[in-house]
Structures are given as C-alpha cells and as structure tokens.
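# Topology and contacts: notes
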Amino acid sequence: MEKIEHKMVGVYGINMHIAELGQGPTVLFLHGFPELWYSWRHQIVYLAEHGYHAVAPDLRGYGDTTGAPINDPSKFSVLHLVGDIVALLEAIAPNEDKVFVVGHDWGAYIAWHLCLFRPDKVKALVNLSVHYFPRNPQMNLVEGLKTLYGEDHYVWRFQVAGEIEAEFAPFGAKSVLKKFLTYRDPAPFCFPKGKGLEAVPDAPIALSSWLSEEELDYYASKFEQTGFTGGVNYYRAFPLNWELTAPWTGAQVKVPTKFIVGEFDLVYHIPGAKEYIHNGGFKKDVPLLEEVVVLEGAAHFVNQERPDEISKHIYDFIQKF
C-alpha cells in the first residue's frame, strides 16, 4: 500500500484527491457509499503489477477531495459526477482516447452514466453490485424504493437535509461505518425514524473478516473530517437525476461490459433485479454485456471482501481489449 502515490487534481471546480500506481493503459476505479479510494486498495496494487496505470479518486464530497458545495445537493447530480470524471480523465490520461472503468455501488451508477453520456471515453467497463437501472419515465428511484420498502428504507431516510446526519452523530463515524460496511443481510437496509442505527442488526462477527480494525480506522478518520453529508447528497440528488436524464429514456449503454454481484448483495435482492439481470432485460439495455458473475457467499462490498477474485475478474476481462 505504501507504494501507492497520492496527488490532488483540479477538476470541474473541485480539488480531487487521487491514488495511483503503475504504468500502462489507465484503469479508473470509482468507489461507492460510504467508501473512499481506499476501497480499491487491493485492486490498485494488483492491476499495477499486471501492467496497468491504476487510478482511484475520492469522489466529490468524499475523503481528501475538497471544494464541493456540501450544502447544495443539486451540485451532486449525476451530470456533475460524470463531469468530474470526464475532467479527471483529461488530467490523468491525456494521451488515451479511452480508458477502462471499474465501478462499485455509487461508482457503478456513475460508470453506467459515463458510458451512457460519453461512450467515446470508455474502452470497457466492469461494474460491481449495482446493475444498470433503466430510467422509469413514470417514477423516480426514490419514490420507487419507497413504494417497495416504505419510509424506513435508507434511501428515503436520506432525503431530508441534515436529518440522517443528526441521527448518525451520537454514534460516531466509526460505529456508523462498521454498521454499513459489515452489513451482510440480503434484506433491505432500513432504520426507523428515532431508532437510528440501533435498528440495524450488528454483523455476526466483531468485524467482517476482510475489514481489520486498522482499515476501519482509516475510513473513520476520513469521515470524521468530512462528515457524511457529501456522500448522502448523492441520494438527495436522485429526484433531480431523474429529471435531468429524461433525454436518455430508453437509451442503451453501448460499451463492452462485465457485471459482478455477490449472492447476498442487497441490490441483487431488490424485487425484480434477478429477473432483469438474468432473463434478458439487462442484455437488452446493455447490448455489449459479455458476462454476469454471481459470487457465491459474497455480500455487497465484494471488491474488499473477495479482493483477489475481483482483481482477477477485472484483469481477465480488460486484457482482452
């Protein structure tokens, strides 16, 4: 890990912190919530050792990236997030027309939209955990999840500015992160108002085997500095994203793609998700989808829980291009 280099890059009005290692074709790694560049620590080293230039930013509102207007969720729309990435690519890979992109969770959502808006920038895509969600012209995703799961579902609970931050505060960043990162239940993540995180069952072991106390402390140190508002703003911008992406209703993602999901991933267990992924809907929306991998026994944070497998899956796919 100590070989990984860190620097700041000015993109789209913010100062983006990136971690990078290696020489060769660029592989851009995009993290999810509540994560950091650090979520890709294993993959960065592996891909660098296998002849690639591995780069992972702290996304807008996260970690050591600064300058995002945290108090304005409208500045966290998917157009802003993809704009950050397009500007970042100009800075880190000026001589490459296209790069490889790997996303997990929110990073996957951003990567799908990068490929939707700017397929000219992406050679091939590996996305983890979050499959493509085609825009529903009748209803935005927040309303859809509320209809499915009710008002205790975390996406709905994240909508009101400041509310969830106030509920998290008494627990401290480390306890909040431990609840999220060690969650292995395929059931939806819910916490009723007033009960906060106490409603979420603890992981069956002190920490998941893949997350050491030291690693959790690294995450906690960064979220203690930034708070959670930056990351939660992504969810608050969902309704705006629905409005802004109206022109892409029915559009296809036309980039060679591999998708990997854990058997116990809560996203994989959203009603209708498995049917969509395996019965043709996914392939219709992403016609260059080449492979779907379901990792037995794995949950949501697959890139950290099964680092060697995930690194090899990424390498095996991108080295074909």
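Structure: see above.
Residues numbered from 1 in each chain as written. Predicted model: local features only at pLDDT ≥ 70, side-chain atom pairs only at ≥ 80, totals over all residues. Heavy atoms only, no water.

Right, let's talk about the pattern of salt bridges for a bit. Applying the stated criterion to the full structure yields 20 salt bridges. Residues Lys7 and Glu20 are paired through a salt bridge, measuring 3.1 Å at the closest nitrogen-oxygen approach. Taken together, the positions of Lys7 in strand E1 (residues 5-11) and Glu20 in strand E2 (residues 14-21) put the pair 13 residues apart, joining distant regions of the chain. Owing to a relative accessible area of 40%, Lys7 belongs among the partly exposed residues under this scheme. The closest approach of N and O atoms between Asp84 and Arg60, which form a salt bridge, is 2.8 Å. Of the two residues, Asp84 is situated in helix H2 (residues 78-92) and Arg60 in the loop between strand E4 (53-57) and H2; the sequence distance between them amounts to 24 residues. The same class applies to Asp84 as to Arg60, namely buried. When salt bridges that share partners are traced, they join Arg157, Glu163, Glu167 and Lys193 into one network. (Salt bridge = Lys/Arg side-chain N within 4 Å of Asp/Glu carboxyl O. Helix = DSSP H or I, 4+ residues; strand = E, 2+ residues; numbered from the N terminus. Buried < 20%, exposed > 50% of the residue type's maximum accessible area, 1.4 Å probe, protein only.)

As judged from the seven bridges shared by E1 and E2, these two strands associate in the antiparallel manner. Bridge pairing in E2 places Glu5 opposite Glu20. Counting the residues in the hairpin turn of E1 and E2 gives two residues, including Tyr12, whose phi is positive at 50°. (Pairing = 2+ DSSP bridges.)

A separate point is the packing of aromatic side chains. Inspection of the entire model under this criterion finds 41 aromatic pairs. Note that Arg41 overlies the ring of Tyr38, its terminal NZ or CZ placed 4.2 Å from the centroid. One Lys or Arg, Lys146, reaches over the ring of Trp156 and ends 4.3 Å from the middle of that ring. (Phe/Tyr/Trp six-rings, centres within 6.5 Å; stacked < 30°, edge-to-face > 60°. Lys NZ or Arg CZ within 6 Å of the ring centre and 35° of its normal.)

What the eight strands build is an open sheet, ordered E1-E2-E4-E3-E5-E6-E7-E8; its pairing is mixed. The open sheet is flanked by E1 and strand E8 (289-295), the only strands paired with a single partner. Shown here is a sheet whose adjacent strand axes are inclined to one another by a mean of 20°, direction ignored. Each of E1, E2, strand E3 (26-30), E4 and strand E5 (99-104) touches H2; the most contacted strand, E3, lies at about 150° to it. (Axes fitted to C-alpha atoms, helices over the stretch in contact; angles between N-to-C directions. Contact = heavy atoms within 4.5 Å.)

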